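# Results of the structural survey
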Amino acid sequence: MRSVVFDFADIRSMPDFYLQFADIFLLPDWFGNNLDALWDALTAGIRLPVQIVFTHFDRQSMDFASLYNLFEEAEQELDGLLSFNSLEDNA
């Protein structure tokens, strides 16, 4: 299974995340920078199976709470084709 790591020490905003996600998964220029487009990409637009890991992640951050929830839901929906983990920043 391919593993992809998103380091939130370098990701400061949702636009930063969308840009990295689109670059890593080679999404087309018309990829929408919003949660609906991200859901579509996760469930039908990227090569599966994949393991996605968030490092230095603050689950309590209001900026990224919806992102975390979306990945949790996608993991359940895709039933083993997507593995999602987050490693919280304990600093």
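A brief report on the enclosed structure follows. (Residues numbered from 1 in each chain as written. Predicted model: local features only at pLDDT ≥ 70, side-chain atom pairs only at ≥ 80, totals over all residues. Heavy atoms only, no water.)

### Side note on the packing of helix α1 (residues 14-24) against helix α2 (residues 35-45)
Where α1 contacts α2, the two axes come as close as 12 Å, and the packing angle between them is 25°. Accordingly, the angle class assigned to the pair α1 and α2 is roughly parallel. The handedness of the crossing between α1 and α2 comes out as left-handed. In contact with M14, F17, Y18 and F21 of α1, α2 contributes L35, L38, A41 and L42. Grouping the constituent residues of the contact of α1 with α2 by class yields eight nonpolar, no polar and no charged. (Axes fitted to C-alpha atoms, helices over the stretch in contact; angles between N-to-C directions. Helix = DSSP H or I, 4+ residues; strand = E, 2+ residues; numbered from the N terminus. Parallel < 35°, antiparallel > 145°, perpendicular 65-115°, else oblique. Left-handed = near helix turned anticlockwise from the far one by under 90°. Contact = heavy atoms within 4.5 Å. Nonpolar A, V, L, I, M, F, W, Y, C, P; charged D, E, K, R; others polar.)

### Some words on the environment of W39
You can see W39 is positioned in helix α2. When near neighbours in sequence (up to four residues on either side) are disregarded, W39 contacts L70, E73, A74 and E77.

### Focus: the sheet that holds strand β1 (residues 2-7)
Paired through backbone hydrogen bonds, the strands of a sheet run either parallel or antiparallel to each other. The sheet built from three strands is open, its strands ordered β1-β2-β3 with parallel pairing. Strands at the two margins of the open sheet, each flanked by one partner only, are β1 and β3 (82-88). Averaged over neighbouring strand pairs, the angle between their axes works out to 15° when direction is ignored. Relative to β3, strand β2 (residues 50-57) runs parallel, the two being bridged by six bridges. Within β3, the position partnered with F54 by the bridge is S86. (Pairing = 2+ DSSP bridges.)

### Describing unusual backbone geometry
In most cases, non-glycine residues show a negative phi, while peptide bonds are predominantly trans. With an omega of 5°, the peptide bond running from L48 to P49 counts as cis. Positioned with a positive phi, L26 is a non-glycine residue whose angle comes to about 50°. Within the secondary structure, L26 sits in the loop between α1 and α2. By relative accessible area, which is 73% here, L26 ends up exposed. Even without a glycine there, the phi angle at D79 is positive, about 45°. (Buried < 20%, exposed > 50% of the residue type's maximum accessible area, 1.4 Å probe, protein only.)

### Comments concerning the packing of α2 against helix α3 (residues 65-77)
Following both chains from N to C, one finds α2 and α3 inclined at 25°, their axes separated by 11 Å at the closest point. One finds that α2 runs roughly parallel with respect to α3. The way α2 lies across α3 gives a crossing that is right-handed. Seen from α2, the contacting residues are L35, L38, W39 and L42; seen from α3, they are S66, L67, L70, F71, E73, A74 and E77. Residues belonging to the contact of α2 with α3 are distributed by class as follows: eight nonpolar, one polar and two charged.

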